Amino acid sequence: MAEAVLQLYDTTLRDGCQQEGMALTVDDKLAVARHLDALGVGFIEGGWPGAVPRDTEFFHRAQSELTLKNAELAAFGATRRPGVSVAVDPQVRALLVSGAPVITLVGKSHAGHVQRALRTTLAENIAMIGSTVRHLVHAGRRVFLDAEHYFDGYRLNRDYALEVAGIAAEAGAEAVVLCDTNGGSLPDEVAAIVADTLAATGAALGIHCHDDTGCAVANTMAAVRAGAVHVQGTAHGYGERCGNADLFTVIGNLALKQGREVLAPGQLARLADTGRAITEITGVPARPAAPYVGAAAFTHKAGLHAAALRVDPGLYQHIDPDRVGNAMRTLVSDMGGRSSVELKARELGYEVAAGSGEVARATARIKELESEGYSFESADASFELLLREELAGGPERPPFDVDSWQVSVTRLPDGTVRTEASVRLRIDGVPLAATGSGNGPVNALDRALHQALDPFFPQLARLELVDYRVRVLTGDTGSEARARVLIGYHDGERRWGTVGVDRNTVTASWRALLDAVRYVLVDDVFPGRVPAPLAAAPAG
Ligand SMILES: CC(=O)SCCNC(=O)CCNC(=O)[C@H](O)C(C)(C)COP(=O)(O)OP(=O)(O)OC[C@H]1O[C@@H](n2cnc3c(N)ncnc32)[C@H](O)[C@@H]1OP(=O)(O)O
Ligand SMILES: CC(=O)C(=O)O
């Protein structure tokens, strides 16, 4: 028998927005909807018009500003209130006014919730669901019913849960979406309850899982195996408490592990980019380790893994990252060997061989420097400078020399604090000095360096310090603590990092600052570098 076509239903803009820290503007929501549509999901739930003013505005603006090519817009809302005629219920009316072609109603399927939260009778709740679905279908809308607390409700009172699913289907709901609202279920229970509900009602079933047991994706997959044909989830698993099922993971699993055609041909390769674009808009980072789309999903640190990956990337990767638009990355660290250095060097555009002396020496230096507190995995630029030294057979001629630098922090009588830095450098033997002030020693040193060097090297003007992290590494007994400073830069196109270590935090910072400047200038003094993208900015 042919497998049923699966409906992909995204609820990032409604349930995803119930996540702590998520506060999207209407413009943000419109932008996220465009990305989801471009990916090719079937339904985009935009919010709850009539309840949340921002969502009312979203649906209003969507009518003129959102042209969807693949998806249908769904408005979410509750069934009519107890004892109120559906025709006059203002919230039901707001759903129609939203203009959304699809309406997803939340209805209670847990007898205890009906009696205690809704404070009505079991029969009235059945009537609320039936009459609201019929009303909206009669008005020409496609309707889904989100059966809230379905799995817990089924465990409490199976007959009642089945009655809710049955009445919704009978009234015209296209799918009855079984919700694991509290997210407490496990995959075998979900599979059994979906299968039983399907057998008892014959309704088209959907699944909506929360991740409170860490099983939202597994539960979703189990439900599909058991016969669910409509799958709900959110980008990056955004959602209340522990989140929702991560729709990107579900899509990857369905498409690549089960051969289900959930997206149009070629669209799967947009998955990682869609994930990155959405995090840019929400400002809520995705987990680097998120399957398929995470920045670390195909990132390798262990030396033995790198050795095998050189032979065949499939030896340590479950899929080819290209299939989901992601990329393999290698990290260099003290846990790597020559193969890690070789792979990283190639990633950066250098042709080297693992057996070469240069690679062996770079590997040994990394191990030694990391034992002193350096960390190269987020400092690609510092690694590249080290590698180039080995490839060049010694330190490269610096584009400038440093004579001295100085920082002063002064508290003034009016209570303000002034931080100033001065640097003394030489370019081709010619001395120059500059000063800079900033909101702290690193900022002031950065400005002084720019002040001195930008007139000679205009390409430095693009360099922007975007991240500064300092970690104090407590020494072993008897040795002094050191500071490790990691600095992140952006030049408008690429992002990279440098590292410095010293007992003095400002000196460690200076080293990282200097590496960044040298990194930008090496192309001038050492032409011939094969341009290669540096580590992509992590999604989120
Ligand atoms: C599982 C889910 O995620 S469902 C989605 C939940 N999302 C949201 O709640 C976000 C939007 N919510 C809101 O803006 C508000 O809560 C509103 C507008 C819906 C309701 O606001 P208020 O009327 O002020 O009430 P309050 O927030 O205290 O909610 C309780 C009311 O909702 C009713 N209610 C609860 N569940 C349901 C339901 N499934 N169907 C219909 N009514 C419901 C309760 O009976 C109670 O009504 P009462 O005040 O007449 O007794
Ligand atoms: C409807 C919904 O979001 C839930 O039950 O979890």
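About the criteria used
Residues numbered from 1 in each chain as written. Chains lettered and ligands numbered in written order. Predicted model: local features only at pLDDT ≥ 70, side-chain atom pairs only at ≥ 80, totals over all residues. Heavy atoms only, no water. Near = heavy atom within 4 Å. Polar contact = N/O pair within 3.5 Å; in protein donor to acceptor, adjacent residues only side chain to side chain. Areas by Shrake-Rupley, 256 points an atom, 1.4 Å probe, with all protein chains shown as cover. Helix = DSSP H or I, 4+ residues; strand = E, 2+ residues; numbered from the N terminus. Nonpolar A, V, L, I, M, F, W, Y, C, P; charged D, E, K, R; others polar. Pairing = 2+ DSSP bridges. Axes fitted to C-alpha atoms, helices over the stretch in contact; angles between N-to-C directions. pLDDT = per-residue confidence, 0-100. Contact = heavy atoms within 4.5 Å.

Quick look at the site of ligand 1
Close contacts around ligand 1 come from 17 residues, with Arg-14, Gln-18, Arg-81, Lys-108 and Arg-119 the closest. One nitrogen or oxygen atom from the side chain of Arg-81 is found 2.8 Å from an oxygen atom belonging to ligand 1. Bound to the protein, ligand 1 loses 56% of the 1000 Å² it would expose on its own. Those elements giving two or more residues to the shell around ligand 1 turn out to be strand E3 (72-78) and strand E4 (102-108). Split into classes, the residues belonging to the shell around ligand 1 amount to 8 nonpolar, 4 polar and 5 charged.

A look at the site of ligand 2
All residues adjacent to ligand 2 are Arg-14, Asp-15, Asp-146, Glu-148, Cys-179, Thr-181, His-208 and His-210. A distance of 2.9 Å separates an oxygen atom of ligand 2 from a polar side-chain atom of Arg-14. One nitrogen or oxygen atom from the side chain of Asp-15 is found 3.0 Å from an oxygen atom belonging to ligand 2. Out of a free accessible area of 210 Å², ligand 2 has 94% covered by protein chains.

Here's the deal with the sheet that holds strand E14 (residues 464-473)
The 3 strands lie next to each other as E14-E15-E16, forming an open sheet whose pairing is antiparallel. Both edges of this open sheet fall to E14 and strand E16 (495-502), since each of them pairs with a single strand only. For this sheet the average axis-to-axis angle between neighbouring strands, irrespective of direction, equals 15°. The pairing of E14 with strand E15 (residues 482-490) spans 9 bridges and is classified as antiparallel. Bridged to Arg-469 within E15 is Leu-486.

Re the confidence of the model for the chain
The predicted model of the chain has a mean per-residue pLDDT of 93, with 95% of residues at 70 or higher. In this model residues 524-540 is a low-confidence stretch, pLDDT under 50, and it forms 43 contacts with partners more than four residues away in sequence or in other chains. Here the complex is predicted with pTM 0.90, and the ipTM for its interfaces comes to 0.93.

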